[in-house]
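# Observations on chain architecture
Take a look at the letters that make up each chain.
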Amino acid sequence: MNAPTLSPGGRIDEKLTLVPVRIAVLTISDTRDEESDTSGHVLAERITGAGHQLADKTIVKDDVDQIRMQVKAWVASGTVDAIITTGGTGITGRDVTPEAVEPLFDKKLDGFSVVFHMVSYQSVGLSTLQSRATAGLVGGVFVFCLPGSNGAVRDGWDKVIAPQLDSRHGPCNMVELMPRLLEK
């Protein structure tokens, strides 16, 4: 059975100037180091290739406290507009990224998971059910939690996150909302 092909709306207006976003990459893994962190490298390359600034990149263990500490530090720094995590969104006992990050959310972006799974289904079929990809806002910073596979990172960045972090994307994008995220 063939899956229906998605044809997303929206477009990039090339006549507009890109507003670079400061993005930090957090790899969550008990086994990866800087050399073997392929999904983190894929994200970093795509972020800079899209004209954005790689604000920071680090690796932490699959540990709720370590994950929260790093996310909170980046949010408090004031030097990061978005955080993308890779890894720890699966369903095994060591996968704790949603448990670590979701309690920090001021607002959850429910649509992110829905759209990510629609895109992921095109690549991996029903295996997408094994991912608990999530996203939200923490202190005015967008936080996107992707699975740790290179394919999931490419799909998540290329087809979901990158268009919304591109200030030229219409009819709307997340960049234009950034100045208003903390308003009361």
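Fair warning: this is a prediction, and the values are worked out from it, not measured in the lab. Note that residues are indexed from 1 along each chain, following the sequence as it is written. Given that this is a predicted model, residues contribute local features only at a pLDDT of at least 70 and side-chain atom pairs are listed and counted only at 80 or more, while totals for whole chains, interfaces and linings are drawn from all residues. Note: side-chain values were computed over all heavy atoms of the structure, leaving out hydrogens and water.

## Comments concerning the sheet that holds strand E2 (residues 22–28)
- Strands sit in the order E3-E2-E4-E7-E6-E5 across an open sheet of six strands; the sheet is mixed. Two strands bound the open sheet, and with one partner strand each, they are strand E3 (53–60) and strand E5 (107–108).
- Paired strands, in this sense, are two strands between which DSSP finds at least two bridges. For the purposes of this entry, the term helix denotes a DSSP run of H or I that reaches at least four residues, the term strand denotes a run of E that reaches at least two, and both are numbered from the N terminus. In this sheet, strand E7 (residues 141–146) lies alongside strand E6 (residues 134–138) in antiparallel orientation, the contact comprising five bridges. Within the sheet, the bridge partner assigned to leucine 137 lies in E7 and is phenylalanine 142.
- Throughout, a residue-residue contact means that at least one pair of heavy atoms, one from each residue, lies within 4.5 Å. Helix axes are fitted only over the stretch in contact, all axes being lines through C-alpha atoms; the angle between N-to-C directions runs from 0 to 180 degrees. Packed on one face of the sheet, helix H1 (residues 38–49) meets E2, E3 and strand E4 (82–86) and runs near 175° to E3.
- Sheet strands touched by helix H5 (residues 150–164): E2, E4 and E7. Its angle to E7, the strand with the most contacts, is close to 140°.

## Topic: H1
- Take the number of residues in a helix, subtract one, and multiply by 1.5 Å to get its expected span. Between its first and last C-alpha atoms H1 spans 16 Å; for twelve residues at 1.5 Å apiece the expected length is 16 Å, and the two agree.
- Throughout, exposure labels follow a simple rule: accessible area from a 1.4 Å probe, protein chains only, divided by the maximum for the residue type, with under 20% read as buried, over 50% as exposed, and the rest as partly exposed. Those residues of H1 not exposed but buried are Ser39, Gly40, Val42, Leu43, Ala44 and Ile47.
- Buried residues along H1 sit in contact with E2, E3, E4 and H5.
- Just downstream of H1, glycine 51 is the residue with a positive phi angle, here 95°.

## Describing helix H4 (residues 110–124)
- Taking 1.5 Å per residue, 15 residues should reach 21 Å; H4 reaches 21 Å between its end C-alpha atoms and fits that length.
- Listing the buried residues of H4 in full gives Phe112, Phe116, His117, Val119 and Ser120.
- Looking at the residues trailing H4, positive phi occurs at glycine 125, about 65°.

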